[in-house]
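Inside the fold
One-letter residues, chain by chain:
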Amino acid sequence: MDCVTACWHKLIQEEKLEMITELSGLSTGQKKILIAIANGRNTGLTGKQFLANIDMTGSSVSEALKVLEQKDYIERLANPPFRLVDPLMKSALITYFDQ
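Notes on the structure in this doc start here. Keep in mind the model is a prediction, meaning the values are calculated, not measured.

1. Re the overall build of the protein chain
- Scanning the protein chain from terminus to terminus reveals 6 helices and 2 strands.
- Beginning at the N terminus, the succession of helices and strands in the protein chain can be written as α-α-α-α-α-β-β-α.
- Expected size for 99 residues packed as a compact globule is a radius of gyration near 13 Å; at 14 Å, the protein chain falls within 12% of this value.
- Seen through its principal axes, the protein chain has C-alpha atoms that stretch 40 × 25 × 25 Å.
- For the protein chain, the residues scored as buried account for 32% of the 99 residues in total.
- Pairs at least 24 residues apart make up 58% of the contacts formed inside the protein chain by residues separated by at least 6 positions.
- Of the roughly 6300 Å² of accessible surface on the protein chain, a fraction of 53% belongs to carbon and sulfur atoms.

Given below as structure tokens:
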């Protein structure tokens, strides 16, 4: 592991408690969507298969996306449609909640 990668992983560890506190303000559904986007799931978020996997309805996912965007956790793009705004948060979610 190179120095940059090691420092990045150390930063994830150091910020873990702060991120947990921040994420505790989100609903379970919002967390599921955030984790999915962090893990590269950017399309088909209201598709039958994905909805069945996360046990949510299409309208609940749409509402969660809206809230996450308003709270600046994600941003809407053209292609892919969504991405996490904070790269450290993305790395932490991938590290601790890999799907």
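2. As for the pattern of salt bridges
- Taken as a whole, this structure holds 3 salt bridges when the rule is applied.
- Taking the shortest distance from any N to any O, the salt bridge between R76 and E69 comes out at 3.4 Å.
- A salt bridge links E75 to R83; the nearest nitrogen and oxygen atoms lie 2.4 Å apart.
- A residue is classified by how much of its surface remains accessible, and E75, at 26% relative accessible area, is partly exposed.
- You can call R83 partly exposed: its relative accessible area is 44%.

Criteria and cut-off values
Residues numbered from 1 in each chain as written. Predicted model: local features only at pLDDT ≥ 70, side-chain atom pairs only at ≥ 80, totals over all residues. Heavy atoms only, no water. Helix = DSSP H or I, 4+ residues; strand = E, 2+ residues; numbered from the N terminus. Rg over C-alpha atoms; globule rule 2.2 N^0.38 Å. Buried < 20%, exposed > 50% of the residue type's maximum accessible area, 1.4 Å probe, protein only. Contact = heavy atoms within 4.5 Å. Areas by Shrake-Rupley, 256 points an atom, 1.4 Å probe, with all protein chains shown as cover. Salt bridge = Lys/Arg side-chain N within 4 Å of Asp/Glu carboxyl O.

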